[in-house]
Amino acid sequence: MTMTTYAVSHLEKLEAEAIFVLREVAAQFHRSALLFSGGKDSIVLSHLSKKAFQPAPIPYPFLHIDTGHNFPETIVFRDDLIKHLGVHLIVGSVQASIDAGRVIEEKGRNASRNYLQTTTLLDTIRELNLDAAIGGGRRDEEKARAKERFFSHRNEFGQWDPKNQRPELWDLYNGRRHHGEHFRVFPLSNWTELDIWQYILQENIPIPCIYFAHRRRCILRNGVLLAYSEFLTLNDADKETLAERLVRCRTVGDMTCTGLVESTASTVEDIIREVAASRSSERVSRADDLRSDSAMEDRKREGYF
């Protein structure tokens, strides 16, 4: 009797690992949600969620923390995808947090609502009584991300303690928690940016058009190209000017801090070649990460995604 062996590709291993983690969430937690930004990582997570539980429906809602300063293309894409998947979308509004006096809107030329998302997120998690929030964080993005486990414990205040994380040996995940605590779960932890794009190509996953090269009016501010919008004002003192450039988004987030990159990539194959040749993380184009050397870790400690 001969045995047939099958070669498993790198992407198949990553997919199987992520699906296993998603199923662990369904098995260990009672009230979970997928944090959905409309970016490539959360889109891949939505695709994996469908695969993990089909033919049954995805067993958790999607949660979008809306700053009110989104790329319009992202919101259109989000609504179309939600309708296609047939999942329930919950929107936490930063504007509502501002109106309620929970947070104070920043002022000045570098003002952004990105930092304000933390309060809205934690409030929403408490209101929904979530015990797990699934996120698209990857360890290759930034040094603070590299410290994460798949199951990342948060205390009753939503805070993350990198020195007090639980071991994850032999793919065993510890979801035990006390009342008021919750977990952030990162099924894409071992993926890289290149893996994400290769998987998008392999699975033919639709993505927002702003990931491809397009012409857009931009401002160069502190070394970062920002898309011009009603949320940004030109600074006359620094002689800022508008210029139309051929650009694309490498990440997607708040328009006030999401940097663009000059690119001619018009297909996923083009993006893969571009990413493969790059020697910098996609986070270098995020203006919010440039506020300090520990900006991301500080926000994660406070309860950020």
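Residues numbered from 1 in each chain as written. Predicted model: local features only at pLDDT ≥ 70, side-chain atom pairs only at ≥ 80, totals over all residues. Heavy atoms only, no water.

Once that is clear, we can look at helix H2 (residues 40-53). Owing to its 3.6 residues per turn, the α-helix aligns residues three or four sequence positions apart on the same side. Here H2 contains 14 residues, and its C-alpha end-to-end distance of 20 Å stays within 8% of the 20 Å for a straight helix at 1.5 Å per residue. Of all 14 residues that make up H2, eleven are buried, and the element is covered over most of its length. For H2, the set of buried residues is Lys-40, Asp-41, Ser-42, Ile-43, Val-44, Leu-45, Ser-46, Leu-48, Ser-49, Ala-52 and Phe-53. Its buried side turned inward, H2 meets helix H1 (10-28), strand S1 (32-35), strand S2 (62-66), helix H3 (72-85), strand S4 (132-134) and helix H6 (193-203). (Helix = DSSP H or I, 4+ residues; strand = E, 2+ residues; numbered from the N terminus. Expected span 1.5 Å × (residues − 1). Buried < 20%, exposed > 50% of the residue type's maximum accessible area, 1.4 Å probe, protein only. Contact = heavy atoms within 4.5 Å.)

All right, on to a nonpolar patch on the surface then. A surface patch of nonpolar side chains, amounting to about 420 Å² of accessible area, comprises Leu-169, Trp-170 and Leu-172. Topologically, Trp-170 is positioned in the loop between strand S5 (151-154) and strand S6 (182-185). (Patch = residues over 30% accessible without salt bridge, like charges linked within 9 Å, V, L, I, M, F, W, Y side chains within 5 Å. Areas by Shrake-Rupley, 256 points an atom, 1.4 Å probe, with all protein chains shown as cover. Salt bridge = Lys/Arg side-chain N within 4 Å of Asp/Glu carboxyl O.)

With that settled, the discussion passes to the nonpolar core. Val-44, Leu-48, Phe-151, Trp-191 and Trp-197 are the most contacted members of the largest nonpolar core, which has 56 residues in total. It is H1 that provides the largest number of residues to this core, a total of seven residues. Lining this core are residues from two domains, each supplying at least three of them: domain 1 (10-194 + 294-302) and domain 2 (207-285). If we ignore the near neighbours within four places in the chain, the residues touching Leu-48 are Glu-15, Ala-18, Ile-19, Leu-22, Leu-188, Trp-191 and Tyr-199. (Core = buried A, V, L, I, M, F, W, Y, C linked by side-chain atoms within 4.5 Å. Domains from an automatic or database assignment.)

Position of Arg-250 among the secondary structure elements: in the loop between strand S9 (243-249) and strand S10 (259-262). A sequence separation of twelve residues divides Arg-250 from Glu-262, and the C-alpha atoms of the two residues are 9.9 Å apart. Side-chain polar atoms of Arg-250 contact the side chain of Glu-193, separated by 2.9 Å. A distance of 3.3 Å separates a polar atom in the side chain of Arg-250 from a polar atom in the side chain of Ser-278. (Polar contact = N/O pair within 3.5 Å; in protein donor to acceptor, adjacent residues only side chain to side chain.)

Looking now at the packing of H6 against helix H7 (residues 268-277). H7 packs onto H6 with a crossing angle of 165° between their chain directions and a minimal axis gap of 10 Å. Looking at the two axes, H6 sits roughly antiparallel to H7. The two elements H6 and H7 meet at a crossing, and its hand is left-handed. Here H6 contributes Glu-193, Leu-194, Trp-197, Gln-198, Ile-200 and Leu-201 to the contact with H7, which in turn contributes Val-268, Glu-269, Ile-271, Ile-272, Val-275 and Ala-276. Class assignment of the residues belonging to the contact of H6 with H7 gives a composition of nine nonpolar, one polar and two charged. (Axes fitted to C-alpha atoms, helices over the stretch in contact; angles between N-to-C directions. Parallel < 35°, antiparallel > 145°, perpendicular 65-115°, else oblique. Left-handed = near helix turned anticlockwise from the far one by under 90°. Nonpolar A, V, L, I, M, F, W, Y, C, P; charged D, E, K, R; others polar.)

Turning next to the sheet that holds S10. A barrel is described by the order of its strands in space; here four strands give the closed sequence S7-S8-S10-S9, paired in antiparallel fashion. Strand-to-strand twist in this sheet, taken as the mean axis angle between neighbours without regard to direction, amounts to 70°. (Pairing = 2+ DSSP bridges.)

Here the focus is unusual backbone geometry. With an omega dihedral of 5°, the bond running from Gln-54 to Pro-55 counts as a cis peptide bond. Here Pro-55 is to be found in the loop between H2 and S2. The residue Asn-129 is not glycine, and still its phi comes out positive at about 55°. With respect to the element layout, Asn-129 can be found in the loop between helix H5 (117-128) and S4. Its identity as a non-glycine residue notwithstanding, Trp-170 has a phi of 55°, on the positive side.

To continue, consider the sheet that holds S2. The strand order across the open sheet built from six strands is S3-S2-S1-S4-S6-S5, with neighbouring strands paired in mixed fashion. The open sheet terminates on both sides in strands that have one partner only, identified here as strand S3 (89-93) and S5. Between one strand axis and the next, the sheet turns through 30° on average, direction left out of account. Bridge count between S5 and S6: four bridges; the pairing is antiparallel. Each residue of the ladder has a partner; that of Phe-151, found in S6, is Val-185.

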